[in-house]
Amino acid sequence: METLYHEFERILVTEEQIQERVKQLAARISEDYAGMGSIVLIGILKGSFMFTADLARHLTIPHYIDFMALSSYGHSAVSGAVRILLDLRADIYKKHVLIIEDIVDSGNTIDYLYTVLKTRKPASIKTCVLTQKEGKAVETHIDYLGFKIPDVWVVGYGLDFAERHRTWPFIAELKRSAYIQD
Ligand code: PRP
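Below you will find a few notes about this structure. Being a predicted model, the structure only gives us computed values, none of them experimental.

**What about the packing of aromatic side chains?**
Alright, step 1. Scanning the model with the defined rule gives 4 aromatic pairs in all.
Alright, step 2. Between Phe8 and Phe170 the ring centres are 5.4 Å apart and the planes differ by 70°, which places this aromatic pair in the edge-to-face class. Of this pair, Phe8 sits in strand β1 (residues 8-13) while Phe170 sits in the loop between β8 (154-155) and β9 (171-174), placing them 162 residues apart in sequence.
Alright, step 3. You can call Phe8 partly exposed: its relative accessible area is 22%.
Alright, step 4. Accessibility expressed as a relative area gives 9% for Phe170, which makes it buried.
Alright, step 5. Among the aromatic residues, those joined into a ring-pair cluster are Phe8, Trp168 and Phe170.
Alright, step 6. Above the plane of the ring of Tyr33 lies Lys126, whose end atom (NZ or CZ) is 5.5 Å from the centre.

The following block contains the structure:
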């Protein structure tokens, strides 16, 4: 029988480390935005669904949630192209916006989002990113960062491999045998 956690090599960030860091990030964000009214958290689907929910739970400032879904063509012929699959429900004009992402890899997605959302004239835009691949520290718009992680295939806590392993409470390196037939 296939067990739930059979396809990982090693845990990179434990559940406890994630939860501790999420609390710290929420505390900093709450402090930075104190007195600025309600902020809009924009969770980027699907990857950030857990992070957005956990972070929101620890915020002590008024906020509401919206979501966007994007599709990236980063590994295909149209390198770096991003497309909006699901847009925000509400207008962000003159709102303080915080984009919530699970991972920055090439940086294409967050750069695209930043550019697109800026044209809608919010009062401000910042980004809160749980993980960034080490060695790929491209110049991106990251205001709050959870962890730097190795440049390997990661799964769990929102991150998937062909839609699998998204709901693991920790972040792990995917087993090589899962995606390479030696
Ligand atoms: C992942 C992740 C980020 C993006 C980061 O999304 O959630 O949005 O890739 O990569 P980049 O920095 O190279 O642009 P993905 O397209 O896999 O969709 P998903 O969140 O629905 O799994």
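Now that the structure has been shown, the text picks up again.
**What about the site of the ligand?**
Alright, step 1. Taken together, 15 residues surround the ligand, and among them Glu101, Asp102, Ser106, Gly107 and Thr109 come closest.
Alright, step 2. Between the ligand and Gly107, the relevant distance is 2.8 Å, taken from an oxygen atom to a main-chain nitrogen or oxygen of the residue.
Alright, step 3. Contact distances for the ligand include 3.3 Å between an oxygen atom and a side-chain N or O atom of Asp160.
Alright, step 4. Within the complex, the protein chains bury 77% of what would otherwise be the 500 Å² of accessible surface of the ligand.
Alright, step 5. The set of elements that each furnish at least two residues to the shell around the ligand consists of β5 (96-104) and α3 (108-118).
Alright, step 6. The biggest single contributor to the shell around the ligand is β5, with 4 residues.
Alright, step 7. Tallied by class, the residues present in the shell around the ligand amount to 3 nonpolar, 6 polar and 6 charged.

Calculation criteria
Residues numbered from 1 in each chain as written. Predicted model: local features only at pLDDT ≥ 70, side-chain atom pairs only at ≥ 80, totals over all residues. Heavy atoms only, no water. Phe/Tyr/Trp six-rings, centres within 6.5 Å; stacked < 30°, edge-to-face > 60°. Helix = DSSP H or I, 4+ residues; strand = E, 2+ residues; numbered from the N terminus. Buried < 20%, exposed > 50% of the residue type's maximum accessible area, 1.4 Å probe, protein only. Lys NZ or Arg CZ within 6 Å of the ring centre and 35° of its normal. Near = heavy atom within 4 Å. Polar contact = N/O pair within 3.5 Å; in protein donor to acceptor, adjacent residues only side chain to side chain. Areas by Shrake-Rupley, 256 points an atom, 1.4 Å probe, with all protein chains shown as cover. Nonpolar A, V, L, I, M, F, W, Y, C, P; charged D, E, K, R; others polar.

Keep in mind these values describe shape, not function.
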